[in-house]
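Results of the structural survey
Chain by chain, the residues:
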Amino acid sequence: MSFKKSLFVAGAAMSSWPLLALAQNQVNMSPGVTEIGAEIYDLHMLILIICVIIGLLVFGVMFYSIIYHRKSRGVVPAQFHESTKVEIAWTAVPFLILVGMAVPATSTLLEVYDNDEAELDILITGYQWKWRYEYLDDSGAPVAFFSNLSTSQEAIYNTEDKGQNYLLEVDEPLVIPVDTKVRFLITANDVIHSWWVPEMAVKRDAIPGFINEAWSKVSEEGIYRGQCTELCGAYHGFMPVVVHAVSQEEFDSWMAAKRAEKATELASASVEMSLDALMSEGEAIYNTQCVACHGAAGEGGVGKAIAGSAVALGDINTHLDVSIKGVAGTAMQAFGGQLSDTEMAAVITYQRNAFGNNTGDVVQPADVASYKKG
Amino acid sequence: MGAHHHGPARGITRWLFTTNHKDIGTMYLWFSFAMFILGGAFAMIIRAELFQPGMQLVEPGFFNQMTTLHGLVMVFGAIMPSFVGLANWLIPMMIGAPDMALPRMNNWSFWILPPGFLMLASTLFMEGGAPAFGWTFYAPLSTTYAAPSVTFFIFAIHVLGMSSIMGSINIIATVMNMRAPGMSYMKLPLFVWTWLITAFLLVAVMPVLAGAVTMMLMDIHFGTSFFSAAGGGDPVLFQHIFWFFGHPEVYIIILPAFGVVSQIIPAFSRKPLFGYASMVYATASIAFLSFIVWAHHMYTVGMPVAGELYFMYATMLIAVPTGVKVFNWISTMWRGALSFETPMLFSIGFLVLFTIGGFTGLMLSIAPADFQYHDTYFVVAHFHYVMVAGAVFSMTAAVYFWLPKWTGRMYNETMGKLHFWVSFVGFNITFFPQHFVGLAGMPRRVPDYALQFADFNMMSSIGAFVYGASQILFLYNVIATIVAGEKVSDEKVWDGAEGLEWTVPTPAPYHTFEVPPKVDTAAAHG
């Protein structure tokens, strides 16, 4: 947007502030869709109201003084300067008010920490800059997937309109059943992240090497959106959390579909794919996984250029190595655990044939699998 | 007085080699103002990018460099040195001492600051960019995942820490040993008391910060794993160490500000400070409590519930002594004869806005509610209410209050009042809406945001530009005063001002109290 246009928007926004403030801008915490969230909201309002009352009293006295005890009114200043009784009173009374606040705060906190008897366990892992969700079960092949920002680079860089859920939308949301106590086990793969959904009143740091616990029991079906809340590097602002809370039946059928999808994926790993199929899937993966660092035209940025690069034009094994294991000490992550063999094959094929890298190389899922085996 | 006076040396060597507390104080004040402008420029870049949703001006990585440097420069470059400058100018004059106790060290503690900041600022031009991990530099983002410039950042922190420790030792030595006969501890002006306590806090916690950055250095270059679970360490350990420094640090910033307003409010109320003794005890209690509440910055790291409860209760307690201070200031104004010159306006602005910041602080101390507030713009609003409207407003009040004593010239009152009102309005337009976006769910330290936060962010940015511009007015007013302000020769300058610094000639001569003054043992403290 041009500067002039920005000024115009600024002016327009200012003239309509009072209206906007009433119409669409949220100014307070949301009570959310969980019992804990509602309790926290009540606690927040209780303390806010106590603070506002004390504030009005204190500022009331001060402004009375400012208005009536002015030198310009010819007031002769009093000379009193201490009173032990008053000092004791305004030490003791606030202390008692604090005790009054501490009681409900303590009981809410104890509930927040009651992680027992969860009906569903989900492992949440923070990555730079996406979330991975794994539904823990005894099957040995649990359903797991990454959840990436789905807002386009064009929308972020203002060449496309921004949708209603700008920056708060993902390619694959976390799905949970309502009225079920879901326990989240939260950790991270690289730096510290923090998983937050305001309406579920869950915020817990994701710390590499440690697992934190939190829980939630959502009472209403719906889509709830949140964000990473611990600075985690350049794209910290671009790793949203989206949770779909659905009925138990819907959850079960979703879960069954995910399991079937996983089985097909395992089967397809041994199938030969055409260059076109690999290229089209590779492009989609490139645009979610690689584009932020390597650029829409492979021109580089945080990461190295892919167009004309020695890795993309050189030995396939080096390319596989870099993509699967990452490059230590740089922002280039190990994608071996993040992408399936098919996805890895597709994105490598794409990188070797797009952006003018016309090598004609085709990398098959089986190649990736055999490379991983060593 | 029989001692023969000599003026300052001429030329650049006056400033390079000076051991005079007034010269050093002046250099600290100008240096901190320069850093305030630099840190402010970073803030303007931040607010310009956040003017609208979408990325317009800078890249996300550079945005993080800006938030990081803004925080570091404001805390370590602007606020802390400005109060050290004030201490240098005022403590000897307030306690009737001829100079600081350790004048050569005083020179050094100032002169290592500019190279320290030059080193920090130079990281902007290095490959990989400046530090981009926030002023709290949590590991492993600041170790394994940091740009190579982090090593320079670590060294810069060491240098700034050394400067602070030396400055503090000097203040402690001065207050303990150089008081004029009859100036007992319970007669010290409150500014001196708050600085004495602050100096102890600094000496206690700056080495902890030095330890934290040294551990980072070891992790980065020498293969240790203090903050990496893969090697048996713990990233949360970093946060405990950092906040063991960081929480007292916020009181290091605010206690001298309390001292300043405790001098100014009585002067313009023409009435002695209410509850002097309780003010001293409250300051000491706040300082003590500041050591045992650090983990309230870390409610979401997954501490055991017993730890959460302890840190919540201890943190809530801080509201008690802080409340006592606010009540005392208001009682000082009560039935006084008030007038509203610029220093008083800034002090009242401090009182109102700091109290609001105190209330949000109390809200943040409630652990379960903090799960919703933590790392959102609500926190950003809170700490700017205490840091800017607290420390910076009080520092500005101090400059207007003592400038005539320092220079022998009066500032332009109309322009001073204009500066206050523009600052006050600009500040509130900037930071009040940040409470709303924070509660509505906007995380801090993001370069871009969802559309529902757009209106308040635009408002915030406009307020920030207004507040930023008002500082130009301040700079102009100060320079115009020094160059061509109306001369004042009255020793007291302000009719209600009390204290030894108002007994020396105006402008304060290069050397004061070469012969210790006699302190009237019955007189009320200033």
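The numbering scheme is per chain: residues are counted from 1 as the chain's sequence reads. Labels follow written order: the first chain is A, the first ligand is 1, and so on. Local features in this predicted model are restricted to residues whose pLDDT is 70 or higher, and side-chain atom pairs enter the listing and the counts only when it is 80 or higher, whereas totals over whole chains, interfaces and linings include all residues. Side-chain numbers come from the whole structure's heavy atoms, not from hydrogens or water.

1. Focus: the interface of chain B and chain A
Basically, it comes down to this: Pairs of residues are marked as contacts when any of their non-hydrogen atoms sit within 4.5 Å. Accessible area, probed at 1.4 Å, shrinks when two parts are joined; the buried area is that loss added up over both. Whenever two N or O atoms come within 3.5 Å, that pair is a polar contact, provided that in protein one can donate a hydrogen and the other can accept it, and provided that, for residues adjacent in sequence, both atoms are side-chain atoms. Secondary structure elements follow DSSP: runs of H or I no shorter than four residues count as helices, runs of E no shorter than two count as strands, and numbering proceeds from the N terminus. Residues were grouped as follows: Ala, Val, Leu, Ile, Met, Phe, Trp, Tyr, Cys and Pro as nonpolar; Asp, Glu, Lys and Arg as charged; and all remaining residues, including Gly, as polar.
On the chain A side, the residues contacting the 101 residues of chain B number 95 residues. Summed over both sides, the interface between chain B and chain A buries roughly 8,500 Å², with carbon and sulfur atoms accounting for 70% of that surface. In this assembly, chain B and chain A are joined by 25 residue pairs in polar contact (both at pLDDT 80 or more). Among the elements of the structure, α3 (60-95), α8 (235-269), α10 (305-317), α11 (319-333), α12 (342-365), α13 (367-373), α15 (413-440) and α16 (454-484) of chain B are those that each provide at least two residues to the side of chain B that touches chain A. Ranked by residue count, the leading element in the side of chain B that touches chain A is α11 of chain B, at nine residues. Class assignment of the residues belonging to the side of chain B that touches chain A gives a composition of 64 nonpolar, 24 polar and 13 charged.

2. Considerations on the domain arrangement of chain A
To keep it simple, the criterion reads: Throughout, the edges of the domains are those of an automatic or database domain assignment.
The domain boundaries assigned to chain A delineate domain 1 (35-112), domain 2 (120-266) and domain 3 (270-373). Put simply, the middle of domain 1 of chain A and the middle of domain 3 of chain A, counted by C-alpha atoms, are 61 Å apart.

3. Things to note about the pattern of salt bridges
Residue and element names in this part refer to chain A. The cut-off we apply is this: Salt bridges are defined as contacts in which a side-chain nitrogen from Lys or Arg sits within 4 Å of a carboxyl oxygen from Asp or Glu. Only protein chains enter the accessibility calculation, which uses a 1.4 Å probe. A residue is then buried if its area is under 20% of the maximum for its type, exposed if over 50%, and partly exposed in between.
Enumeration according to the criterion identifies 13 salt bridges over all chains in this entry. Two residues, Asp321 and Lys325, come together in a salt bridge whose shortest N-O distance is 3.4 Å. Taken together, the positions of Asp321 and Lys325, both in helix α9 (residues 316-325) and four residues apart, correspond to about one turn of that helix. Given a relative accessible area of 28%, Asp321 falls into the partly exposed group. Each of the salt bridges in this network shares a partner with another, and the network as a whole consists of Asp121, Arg183 and Glu213.

4. A closer look at the sheet that holds strand β7 (residues 202-206) of chain A
Residues and elements named next belong to chain A. Just so we agree on the cut-off: When DSSP finds two or more bridges between two strands, those strands count as paired. Inter-axis angles, ranging from 0 to 180 degrees, are taken between N-to-C directions of lines fitted to C-alpha atoms, where helices are fitted over the stretch in contact.
The strand order β4-β10-β9-β6-β7 describes an open sheet built from five strands, whose pairing is mixed. Only two strands of the sheet have a single partner each, and these edge strands are β4 (174-177) and β7. When the angles between neighbouring strand axes are averaged without regard to direction, this sheet yields 25 degrees. Bridge count between strand β9 (residues 222-228) and strand β10 (residues 240-246): six bridges; the pairing is antiparallel. The residue of β10 that forms the bridge with Ile223 is His244.

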